[in-house]
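# A look at the structure
Listed below are the residues making up each chain.
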Amino acid sequence: MKDGLPKLQESAGLSRSREKVLLDLLKKATDFYEDIIGLLSGIYELSEYVRRGSPEDEFYSSVVKILIRESRCENASVFLVEGNRVVLKAAAGIELPGEIPAASMVLGEGVAGTCARDGKPILVADVHECRYYKELPDSQVQIGSMLCIPLKDGETTFGVLNLSHSQSSFFNLHYQRVFELLGLLVGQMLTLIHISSVFQRKNLDLSEMLMLKDESLRSLTESYKTVVDASEDGIFILDGDDEITFCNQRLITALGKVPVKIRDMFDDATADCIRGYKSRMSPGQFLDFERTAIFGTSERIVGRFFVKSLRSNQALIMMRDITAKRRMEQRAMQTEKLTSLGLLTSGIAHELNNRLTPILGFADLINAQRLGGKDRKRLSIIVNAADSAKSIVESLLKFSRNKPPEKMVFDMRDIIRRVLSLYMPTVKKRGIRLITEQGPDPLFLRADMNCMEQVLVNFINNAIDAIGGEPGTIWLKAGLQDGSVQVSIEDSGPGIPEEIITRIFDPFFTTKAKDKGTGLGLSICYGIISDHKGEISLENTAHGALARIRIPAMVPDVQPECAEADAGESPAPAEEGRSGQRPVIMVVEDEEDLLDLMMDSLSPYYEVMTFTNGRHAFDHLEEHAWELIVSDLRMPEMDGMDLYRAAIRKNPRLKRRFLFITGDTYDYQVKEFLEKTGVVFLRKPFRVKELREMVRKQLYDRQVTRGKEKDTRCRR
């Protein structure tokens, strides 16, 4: 019995010892499985975090907080590899402060750095015995044991999950295996979080870029719209057959409304033309054409159209009004045509004058009293035929504006009143009303009064002819506009047919019967107005036809009496009182017949010396005290203009002692010379009486002539 009791006691002690061991193992197993369940719960929570696409930086904090909450470790931290260092991203623990200071270490330094470098877990049972362990500066955490798990994505280690406990040998191989799995899951989650963050950043950048692009596109669209609206062209998009889906401000302003249909813009024929071109074009094709169209409620315009097919059944159309341009081109062509014809006419007239002058001159010198009856009749026929030829030449010269206009300053209203008084009985008899509108202000211009009267007479005649035998109205308006005197004559006739309106100023073009007109009237008017630096136009209106005349206006100069320009000139022969001595006259002419005519006409009264060209005459300039130099303008070697300039340079007293004879006053050089110098000239063909009278005035009425010239210079 005594021997059995100790054995029973020993057996009971062993049993209690085994029970304690089993209880300890059971407790550890229970704690381990509770940790496992907690970690699984944490993994689920992290997966939800990833699913929501939460920020990457907040994920690190969530990982360490879940580890502290769901496992038995005291401290947890996450390090990420950045270049050649491992950097602390988040930390949590029972002894850690709320604000974690920044920390990092070189890759391969310390336990975390070595784990990150090698990509393998490190279990440290006692940190004091670990050669990797390196305490971070200013660390207040008591560490006994550690477990470092690499965070990996495939074979790449991008971080470390660092766990610690103040108790040595706290972590074992089971913890290592569980946390290795956790490290893999956290690594995958971090990869997803990172990808999500990158995607969000890229998406944000893309959204911002799209916003910027949208703003840029909106700004560009506004800029294009501004440019399109500012364009002088009308621009619109035609959808289908008749729908206007876009138009610029130019069209809206011109039409006074927003067009909906193409017929809101153009007449039916133009709309059909545009639709026809559009229907035959493939997308991307374009063409342009010109067409006379009715635009809106305005009169006919000449438009240049550009049509481009954008896609099936849609086209962009641009229209530019080139009416003014075409009128300017027609005016330029008309001017060029008249200039060319005028030059030809002037040349012909010049040659005819040279032939007619000796015929008429020598006919005047024939003593008809010594002829028989038949010869006197024959001479009369010659003179009458030459006079008729002279009238024809004068008409040609009038058309070509051969005679330089005698310009002076006057009030255009005076010419209008004179013309109206002339036509008032005629229009009353024909039942035509003549309505005038004139402002109270003078309409001063510098022009030839006879030319202006001729222009008004021509247009009023045309207006009366256009109205015909029916009652009608003629409106005559005059006023100042943009620095010009503008006169308009409008009639209530049928207007000008469109097919001939571009030819209306052509020489010899007329719609009247052969016995009613020559076709030179409007051409002469055109030449007159152009010669006065003005503009003339004809157009159709709602009433009939409208003629517009514009000539630069001016303010007349009021100046004191001018001093005599040639005060140093020697007295005229009559003033010198050289009785019994005949004046010496130089005659310069290259046409032999004309030279003989002037010699025969003047030699009975004066001493006449003849020369066949300007050079020969200049060489003999000092041989006599020439009282008068009668010279042709156009001659070989030295013409009359060069002779005049050379002579007055050599002897200024000769400035007022020239008399020119010419038939070439159409030439611009001649016209400019005659206007600038103010020299006296006689136009071919002339009669002997005219020549003798002009010479007599130059010689014996010099003082009166100088007075007139002085008065003319003051008016200018």
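Summarised in this report is the structure supplied together with it. Remember, predicted model here, so these are calculated numbers, not experimental data. (Residues numbered from 1 in each chain as written. Predicted model: local features only at pLDDT ≥ 70, side-chain atom pairs only at ≥ 80, totals over all residues. Heavy atoms only, no water.)

### A closer look at the overall build of the protein chain
Threshold: Starting at the N terminus, helices and strands are each numbered in turn, a helix being any DSSP run of H or I of at least four residues and a strand any DSSP run of E of at least two. Between buried and exposed lies partly exposed: a residue is buried under 20% and exposed over 50% of the maximum accessible area for its type, with that area taken using a 1.4 Å probe on protein chains only. For this analysis, residues touch if any pair of their heavy atoms sits within 4.5 Å. For the accessible areas, the method is Shrake-Rupley and the probe is 1.4 Å, while residue cover comes only from the protein chains on display.
Secondary structure assignment for the protein chain yields 18 helices and 23 strands. Within the span of the protein chain, comprising 716 residues, buried residues form 42% of the whole. Considering only residue pairs separated by 6 or more positions, the protein chain has 62% of its internal contacts joining residues 24 or more positions apart. When the accessible area of the protein chain is evaluated, it comes to approximately 39300 Å², of which 54% is carbon and sulfur surface.

### Some remarks on unusual backbone geometry
Although it is not a glycine, D482 adopts a positive phi angle of roughly 55°. Mapped onto the secondary structure, D482 falls in the loop between strand 15 (472-481) and strand 16 (484-491). According to the relative accessible area criterion, D482 is exposed, its value standing at 69%.

### Notes on the sheet that holds strand 8 (residues 243-247)
How we decide: Two strands are said to pair when DSSP picks up at least two bridges between them. Interaxial angle, 0 to 180 degrees, is taken between N-to-C directions of lines fitted to C-alpha atoms, where a helix line uses only the stretch in contact.
In spatial order, the strands read 8-7-11-10-9; together these 5 strands make up an open sheet with antiparallel pairing. Edge strands, defined here as strands with exactly one partner in the open sheet, are strand 8 and strand 9 (286-294). When the angles between neighbouring strand axes are averaged without regard to direction, this sheet yields 30°. Taken together, the 8 bridges between strand 10 (residues 300-311) and strand 11 (residues 314-321) define a ladder with antiparallel strand orientation.

### Section: the packing of helix 13 (residues 592-602) against helix 17 (residues 688-700)
Note the cut-off: Handedness of a helix crossing follows the sense of rotation of the near helix relative to the far helix, less than a right angle counterclockwise being left-handed and clockwise being right-handed. Under this grouping Gly is polar, as are all residues other than the nonpolar Ala, Val, Leu, Ile, Met, Phe, Trp, Tyr, Cys and Pro and the charged Asp, Glu, Lys and Arg.
Interaxial distance between helix 13 and helix 17 falls to 10 Å at its minimum, and their mutual angle equals 65°. The handedness of the crossing between helix 13 and helix 17 comes out as right-handed. Note on element contacts: helix 17 touches helix 13 through V688, L691, R692 and V695, opposite L597, M598, D600, S601 and L602. Residues that form the contact of helix 13 with helix 17 fall into these classes: 6 nonpolar, 1 polar and 2 charged.

### A short note on the pairing of strand 2 (residues 85-93)
Strand residues, when the strand is regular, have side chains that alternate between the two faces of the sheet. The pairing of strand 1 (residues 75-82) with strand 2 spans 8 bridges and is classified as antiparallel. Bridging from a neighbouring strand, N75 pairs with G93 of strand 2. Linking two consecutive strands that pair antiparallel, namely strand 1 and strand 2, is a turn of 2 residues; a positive phi of about 70° is found at G83 within it. With 3 bridges connecting them, strand 2 and strand 3 (residues 104-106) associate as antiparallel partners. Its bridge partner lying in strand 3, V87 is registered against S104.

### Remarks on the environment of T357
Along the chain, T357 turns up in helix 7 (residues 323-365). Overall, the relative accessible area of 0% leaves T357 in the buried class. For T357 and F686, which are 329 residues apart along the polypeptide, the C-alpha to C-alpha distance reads 5.9 Å.

### Remarks on the nonpolar core
Short version of the rule: By convention a nonpolar core is built from buried Ala, Val, Leu, Ile, Met, Phe, Trp, Tyr and Cys residues, the set being connected through side-chain atoms within 4.5 Å.
Judged by nonpolar contacts, the single largest core of 41 residues is most densely connected at M412, M452, F459 and I489. Top element by residues in this core is helix 10 (residues 449-467). It accounts for 9 residues. Excluding its chain neighbours within four sequence positions, the residues that come into contact with F459 are I489, L522, C525, I536, L538, A547 and I549.

### Comments concerning the packing of aromatic side chains
In this description, an aromatic ring pair is defined by two values, namely the gap between the centres and the angle between the planes. Counted only if it meets this: In this scheme Phe, Tyr and Trp rings, the latter by its six-membered ring, pair at centre separations within 6.5 Å, and the angle between planes marks the pair as stacked below 30 degrees, edge-to-face above 60, and tilted otherwise. We call a charge positioned above a ring when the Lys NZ or Arg CZ atom is no farther than 6 Å from the ring centre and deviates by at most 35 degrees from the ring normal.
On inspection of all chains with the given rule, the structure shows 14 aromatic pairs. Aromatic pair F170 and F171: ring centres 5.0 Å apart, planes at 90°, arrangement edge-to-face. In this structure F170 comes out as buried when scored by relative accessible area, which is 16%. The class for F171 is buried, based on a relative accessible area of 4%. Of the aromatic side chains, those joined through ring pairs into one cluster are F236, F266, Y277, F289, F295 and F305. Just above the ring of F618 sits the side chain of K650; from NZ or CZ to the centre is 4.9 Å.

### Points about the sheet that holds strand 17 (residues 535-540)
The 5 strands are arranged 13-15-16-18-17 in an open sheet whose pairing can be described as mixed. Single-partner strands in this sheet number two, and they are strand 13 (432-438) and strand 17. The sheet shows a mean angle of 15° between the axes of neighbouring strands, direction not considered. Pairing geometry for strand 16 and strand 18 (residues 545-552), over 7 bridges, is antiparallel. Bridge assignment links V487 to a residue of strand 18, and that residue is I549. Strands in contact with helix 9 (residues 412-429) are strand 13, strand 15 and strand 16; relative to strand 13, the strand with the most contacts, it is inclined by about 165°. On top of the sheet, helix 10 reaches strand 13, strand 15, strand 16, strand 17 and strand 18; it is set at about 20° to strand 16, its chief contact.

### Observations concerning a negative patch on the surface
So the rule is basically this: Residues enter patches when they are more than 30% accessible in relative terms and free of salt bridges; like-charged ones are connected within 9 Å and nonpolar ones (Val, Leu, Ile, Met, Phe, Trp, Tyr) within 5 Å. Each reported salt bridge corresponds to a side-chain nitrogen of Lys or Arg within 4 Å of a carboxyl oxygen of Asp or Glu. Lys and Arg are tallied as positive, Asp and Glu as negative. Neither His nor the chain termini are counted. Charge coordinates come from a single atom per side chain, which is NZ of Lys, CZ of Arg, CG of Asp or CD of Glu.
A cluster of acidic residues, E592, D593, D596 and D600, forms a negative patch at the surface. Note that D596 resides in helix 13. In this structure D596 comes out as partly exposed when scored by relative accessible area, which is 36%.

### Examining a nonpolar patch on the surface
A surface patch of nonpolar side chains, amounting to about 260 Å² of accessible area, comprises L181, L184 and L185. Within the secondary structure, L185 sits in helix 4 (residues 173-230).

### Side note on the packing of helix 9 against helix 10
In helix packing, the relevant descriptors are the interaxial angle and the interaxial distance, both defined with respect to the helix axes. With their axes 10 Å apart at the nearest point, helix 9 and helix 10 run at an angle of 35° to one another. Between helix 9 and helix 10 the crossing geometry is right-handed. Residues M412, I415, I416, R418, V419, Y423 and V427 of helix 9 pack against M449, M452, E453, L456, V457, I460, N461 and I464 of helix 10. For the contact of helix 9 with helix 10, the residue count by class is 12 nonpolar, 1 polar and 2 charged.

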